[in-house]
4 protein chains.
Amino acid sequence: MVKAKIGRPRSEKSQEAIINATHDLLNEKRGAGLTIEAIARRAKVGKPTIYRWWPSLADIVLEVVLRQADTSITVSSFESLRETLRQFLRQSMKAIVDWGGVHLRFLLAHAQKDEEFRERFREKFVAKRRTVLNSIFLQAMQRGQIDSEQNLELVADIVFGAMWYRLLIGHASLDESFADELTEVIIRLVQAGPA
Amino acid sequence: MVKAKIGRPRSEKSQEAIINATHDLLNEKRGAGLTIEAIARRAKVGKPTIYRWWPSLADIVLEVVLRQADTSITVSSFESLRETLRQFLRQSMKAIVDWGGVHLRFLLAHAQKDEEFRERFREKFVAKRRTVLNSIFLQAMQRGQIDSEQNLELVADIVFGAMWYRLLIGHASLDESFADELTEVIIRLVQAGPA
Amino acid sequence: MVKAKIGRPRSEKSQEAIINATHDLLNEKRGAGLTIEAIARRAKVGKPTIYRWWPSLADIVLEVVLRQADTSITVSSFESLRETLRQFLRQSMKAIVDWGGVHLRFLLAHAQKDEEFRERFREKFVAKRRTVLNSIFLQAMQRGQIDSEQNLELVADIVFGAMWYRLLIGHASLDESFADELTEVIIRLVQAGPA
Amino acid sequence: MVKAKIGRPRSEKSQEAIINATHDLLNEKRGAGLTIEAIARRAKVGKPTIYRWWPSLADIVLEVVLRQADTSITVSSFESLRETLRQFLRQSMKAIVDWGGVHLRFLLAHAQKDEEFRERFREKFVAKRRTVLNSIFLQAMQRGQIDSEQNLELVADIVFGAMWYRLLIGHASLDESFADELTEVIIRLVQAGPA
DNA sequence: AACTAAACGAGACGGTACGTCCAGTCTTTAA
DNA sequence: TTAAAGACTGGACGTACCGTCTCGTTTAGTT
């Protein structure tokens, strides 16, 4: 049964304004100055309107990221494991550097203070990224390019861990050479052990 | 020339009280409720006294962590690379789980919002941990257990990245089996490639 | 065009609580201990609520005084200048002694430190009191009891100056005999010069 | 019994520096920014040195005023009451306008918050000024220019009240015409009543 | 000439209040 | 009858001063 639609309808315009304001504020001062109040001011919207649709500030940012990520993830046709992996890593890092570094760091920071958001973040973002990597591994496995006894969960921890670590600590950049080196490491790990 | 020491000297008692209050508050509600005001109240100290000696809340937590870390880091006598590495990882993870997880997550979160603190965090904590790992690798290299062509910086990113990633995302635990599996992976990476 | 009234309206209850708390605190310790924080605590109100509606502590006190003054000023029917003036002065001094001495001294003190408040104080309080006195003089003038060449502004300075001076310096009391003596002096001043 | 004078004697240089710093700070921003800390900074003096010799900030200002007043009060040879009074009032107002308005307003304001200082202020400053006026009246009385039945205390309240009132409220200036008008009023009051 | 004690500068201390920002809730009007 | 908007309570922020304290450092007068 369809729920009767009564009352004033949700304003799509407001939602867009909120998302855009959030994105803009994030880019303006590296994430400083991103508060619910600032978003409300910028989007010319009342604070309760924001609270009605998102449980926390981080969830708005998460939606901003997901909207972008959905359009930017492109899994090319599988050639070799090495090539596909390299593309995946290069693409991921480029996206972070060009667009989403501030967003991701903001999300990660808030996930540390809000247990419930951390779970949502895990489900909606982290898990999806791991799924993409996993699908690459699965394809490689079907082609026999991976030793099936490997612990692919651990490998995923290593891949994403290294990227997040560099992003969060900031001691080194997420450039192509890092993507390539990481690719080689992973290749070595998933291939059959010392014969 | 040594700066003349004039004026009332710094109160050691207050500093201890601040450090202890910070540690207690972190453990009490998983880091929620850790504010400068709360520390001042708990430590029976004026807020300016805190601001006089630490530039931010995160720096107090950093000092708490460093004081503990200094006493807990023990590099045992080097037996084999595998054994030493395993001990190092098990010890690190145990310390995180038993004692410092909340602290580290708090530090990492604040490092995302405060660029200057991030640098201090890198220098005073991250770099030190990397140095310990590096000294292990150096000893192994002197014994010829490591292929000297390996990119040890990348390996360090992988080791610490994987640990931080699990801590921050919280999808899996930092237990002994993870330490052991990670050890095996690292061993494989630093040993000579497929001849 | 009338500004659209949307949003939660100003809480009358809060305003009352703030006014009452201010009044009580003034009476409790002769004005010491009257701070914005104390008012907020006593009135169970957030500090920003206070700052939203009053630019300074002194302005709250001014409103307290004005609310009281509006109800206490009673200009009786004009009999003779002497009688009306005596009533006015006795009434004014009684109000100061019984009720508003602390308030007025507080207002005067703050007016010395805040130029903008001094202006508001002048307009909202001082000017009104002078207007009352002036209306008395005007009525007397219509009855020919005052030499029209007198400088009534100067006379007003003398009347209010003498009262304020005694209140602020505290060397003598504002009692009925002072009111009566001052009345006689003023009568002599405003009547025709040496015949 | 005389207390034995041992130990380092009071530093005259510091006292001068404190007095000068106070005077300068009062003139710089109309009294705003005059704090014990600021004086200590400016005079290159420790705060305890200030507290050792003066019980409050206002007492320092009082000393500044007294030092100046002692050198500026000049009672000219008595000619007529009118002339002497006019000189006294003009001189007083000129001193206030040119030099001490900020000081006096500061003193008066603090006297409202500190009962004990108010007493000191009354004794050391107010009483002295009244004494000067009184000596003028006494001389006039000896010459028979004043009706001996007049209440000279009330007249003094009127004279000083009118001046303070204009200074504190700021609705009109303390210029020569005010001095002259006030002189005429006082003359009329102290002379014999309507025969 | 060495000793003694008070006053000195410097500045850290525990506190209080400041005025601001933001969080999250409540209450009214608009659609 | 729900959405929107603004005022609300409340907590923490970082700063300025307060008045007190504890130092090491002069600077006389006393031995």
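Residues numbered from 1 in each chain as written. Chains lettered and ligands numbered in written order. Predicted model: local features only at pLDDT ≥ 70, side-chain atom pairs only at ≥ 80, totals over all residues. Heavy atoms only, no water.

J.: Any chance you could explain the relation of the copies chain B and chain A here in plain terms?
T.: Mapping one chain copy onto the other needs a rotation about an axis and a shift along that axis. With an RMSD of 0.3 Å, the operation that places chain B on chain A is a rotation of 180° combined with a shift of 0.1 Å along the axis. The symmetry that links the two subunits is that of a two-fold axis. Of all interface residues in chain B, 100% are interface residues in chain A too; the two copies therefore contact each other through one and the same surface. (Least-squares fit on C-alpha atoms with pLDDT ≥ 70 in both. Contact = heavy atoms within 4.5 Å.)

J.: In this structure, what is going on with the interface of chain C and chain D? I would like to understand it.
T.: Interface size, as often reported, equals the accessible area lost upon joining of the parts. Each partner contributes residues to the interface: chain C has 38 residues there, and chain D has 40 residues. Per-residue buried area on chain C facing chain D is highest for Tyr165, Ile169 and Arg188 of chain C; these three make up 21% of the total on that side. Our enumeration of links across chain C and chain D arrives at two salt bridges. Here Asp157 of chain C makes a salt bridge to Arg166 of chain D, at a shortest N to O gap of 2.7 Å. For the pair chain C and chain D, the number of links is 25 residue pairs in polar contact (both at pLDDT 80 or more). Among the elements that take part in the side of chain C that touches chain D, helix H7 (residues 152-169) of chain C stands out by supplying 12 residues, more than any other. (Buried area = accessible area lost by both parts, 1.4 Å probe. Salt bridge = Lys/Arg side-chain N within 4 Å of Asp/Glu carboxyl O. Polar contact = N/O pair within 3.5 Å; in protein donor to acceptor, adjacent residues only side chain to side chain. Helix = DSSP H or I, 4+ residues; strand = E, 2+ residues; numbered from the N terminus.)

J.: Would you mind showing me how to read the protein's contact with DNA strand E here?
T.: Surveying the vicinity of DNA strand E reveals 48 residues, the closest of which are Lys47 of chain A, Ser14 and Thr49 of chain B together with Lys47 and Tyr51 of chain C. Within 4 Å of the protein, atoms of DNA strand E come from sugar and phosphate in 68% of cases. In the model, a phosphate oxygen of DNA strand E is placed 3.3 Å from a nitrogen or oxygen of the Ser11 of chain D main chain. One of the side-chain nitrogen or oxygen atoms of Gln15 of chain D is found 3.4 Å away from a phosphate oxygen of DNA strand E. Contributions of two or more residues to the surface near DNA strand E are made by helix H2 (36-43) and helix H3 (47-53) of chain A, helix H1 (12-28) and helix H3 (47-53) of chain B, helix H2 (36-43) and helix H3 (47-53) of chain C together with helix H1 (12-28) and helix H3 (47-53) of chain D. Grouping the amino acids of the surface near DNA strand E by side-chain chemistry returns 17 nonpolar, 14 polar and 17 charged. (Near = heavy atom within 4 Å. Nonpolar A, V, L, I, M, F, W, Y, C, P; charged D, E, K, R; others polar.)

J.: Just to check I follow, could you spell out the arrangement of the chains for this structure?
T.: The two units chain B and chain C remain apart, with a minimum C-alpha distance of 16 Å. Separated without contact, chain B and chain D have their nearest C-alpha atoms at a distance of 10 Å.

J.: What is the right way to look at the pattern of salt bridges in this model?
T.: Side chains that differ in charge, positive against negative, can pair when their charged atoms come close. What the rule picks out here adds up to 60 salt bridges over all chains. Residue Arg86 of chain C is joined to Glu83 of chain C by a salt bridge in which the shortest nitrogen-to-oxygen separation is 2.9 Å. One end of the pair is Arg86 of chain C and the other is Glu83 of chain C, both in helix H5 (residues 81-113) and three residues apart, which spans about a single turn. Between Arg90 of chain D and Glu176 of chain D there is a salt bridge; the shortest N-O distance is 3.5 Å. Placement of Arg90 of chain D in helix H5 (residues 81-113) and of Glu176 of chain D in helix H8 (residues 176-190) is noted, with a sequence separation of 86 residues between them. A relative accessible area of 31% places Arg90 of chain D in the partly exposed class. The exposure class of Glu176 of chain D is partly exposed, given its relative accessible area of 47%. Linked through salt bridges whose partners overlap, the residues forming this network are Arg130, Glu153 and Asp157 of chain A together with Arg166 of chain B. (Buried < 20%, exposed > 50% of the residue type's maximum accessible area, 1.4 Å probe, protein only.)

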